[in-house]
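# Close look at the chain arrangement
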Amino acid sequence: MDDEGDVKREYRTRTAPNFLITQMLNNPLFDYPLPELVRIVYAPYFTEFYHLHQQPGYNKAAKTFYHLTDERLKSLNVAPQPTADQAAAAKDLIFKHLLVDFPFSSDAERAHAVCVLLQPFIRSWFDVTPFYLIESARAGTGKGLLGDVLTYPFLGEMPTRSPEPKNSEGWTKLITTLLLTIPAVVFFDNIKRPVNDGSLESILTNPVWGDRMLGSNTHVRMINQATWLFAGNNVQIGEEIGRRTVRIRMVAKTANPNQRREFVHPELRDWAQSQRAEIVSAALTLVQHWIAKGKPLYEDCPTLGSYEKWSRIMHGIL
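These lines cover the structure that appears in this document, whether it is placed above or below. This is a predicted model, so every value here is computed, not measured.

Here five strands make up an open sheet; going across it, the order is S7-S8-S11-S6-S12 and the pairing parallel. In this open sheet, the two strands that pair with only one neighbour each are strand S7 (161–162) and strand S12 (245–250). On the sheet, helix H3 (residues 107–118) packs against strand S6 (131–136), strand S11 (227–233) and S12 and is oriented at approximately 120 degrees with respect to S12.

Below, the structure written as structure tokens:
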């Protein structure tokens, strides 16, 4: 107890024994007094009320658990009122270092890449978000690399890349399997088949996903708080999926893009890992700068159908 009589509590992480976990999972009729968990995050994040939360552990109001795996993120100093110089420095780190060597086909494609970087930090602001498609005309342009370095700052590890299913039933099963893990990022790499599936259409426009558990008659409902990312060469997108897609197209200016040697950071994954705290701080600073300015939204903002809130907020920040 302290001098004023208040109890000081110290919390420590402990792994529950397997027998207890098994008993709880096998006894669904018992109402265990456990807090609701919607998200597991790996970096500081903004709550739905635009508050930057940097304390590791469980946030009851946000129903989010911040799992700190990188001690460097403990000492982040994001100003509540970032100056213009601080915002410019954050932008320079992203544009002149992290993204500088990717051959985006336009500024719009590069802006969409920044959205991928920012979205996990502000995912709770949106019920639904579109999926991002990183594409190019030929292999070796850097699609997988781009997906890795955009999501690594939030995850603290390179994202798990999932192969595409062969049919609609496969999509349904895979989406359920993935959402059961409460993923922050879902990354489908090296897409070969046309993307035109009803399950994908549903998950991209509904905040809640429902399905039957594999091998049982139990129906489960899961919150979709993931950032969905696809990558491939000349990917064919169905009409309904197409209107739910934000494209990040890269155009190589050489016949053999995998033979390029001139880079600001030749080992970009290693650089991103070494600079993780700085990149996270830059992303949070850009968002905080927008909040400090009064969260301006612009009347001339082009919006994507079904994703109007996402469009206006991302446009405002960018």
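Okay, helix H5 (residues 168–179) next. Given a rise of 1.5 Å per residue, twelve residues ought to cover 16 Å, and the 17 Å separating the end C-alpha atoms of H5 matches this to within 8%. Turning to H5, its buried residues are Gly170, Trp171, Ile175, Thr176, Leu178 and Leu179. On the buried face of H5, the contacting elements are S7, strand S8 (185–188), helix H6 (198–203), strand S9 (208–212), strand S10 (219–223) and S11.

This next bit is on the pattern of salt bridges. Side chains bearing opposite charge may pair, as long as their charged atoms lie close to each other. Evaluated as defined, the whole model comprises 15 salt bridges. Taking the shortest distance from any N to any O, the salt bridge between Arg247 and Glu135 comes out at 3.8 Å. Pair noted here: Arg247 is in strand S12 and Glu135 is in strand S6, with a separation of 112 residues, a long-range link. Two residues, Glu164 and Arg193, come together in a salt bridge whose shortest N-O distance is 3.9 Å. Here Glu164, found in the loop between S7 and H5, pairs with Arg193, found in the loop between S8 and H6; they are 29 residues apart in sequence, far enough to count as distant. Its relative accessible area of 35% is what places Arg193 among the partly exposed residues. In this structure, a network of salt bridges that share partners links the residues Glu109, Glu135, Arg247 and Arg249.

Definitions and cut-offs
Residues numbered from 1 in each chain as written. Predicted model: local features only at pLDDT ≥ 70, side-chain atom pairs only at ≥ 80, totals over all residues. Heavy atoms only, no water. Pairing = 2+ DSSP bridges. Helix = DSSP H or I, 4+ residues; strand = E, 2+ residues; numbered from the N terminus. Contact = heavy atoms within 4.5 Å. Axes fitted to C-alpha atoms, helices over the stretch in contact; angles between N-to-C directions. Expected span 1.5 Å × (residues − 1). Buried < 20%, exposed > 50% of the residue type's maximum accessible area, 1.4 Å probe, protein only. Salt bridge = Lys/Arg side-chain N within 4 Å of Asp/Glu carboxyl O.

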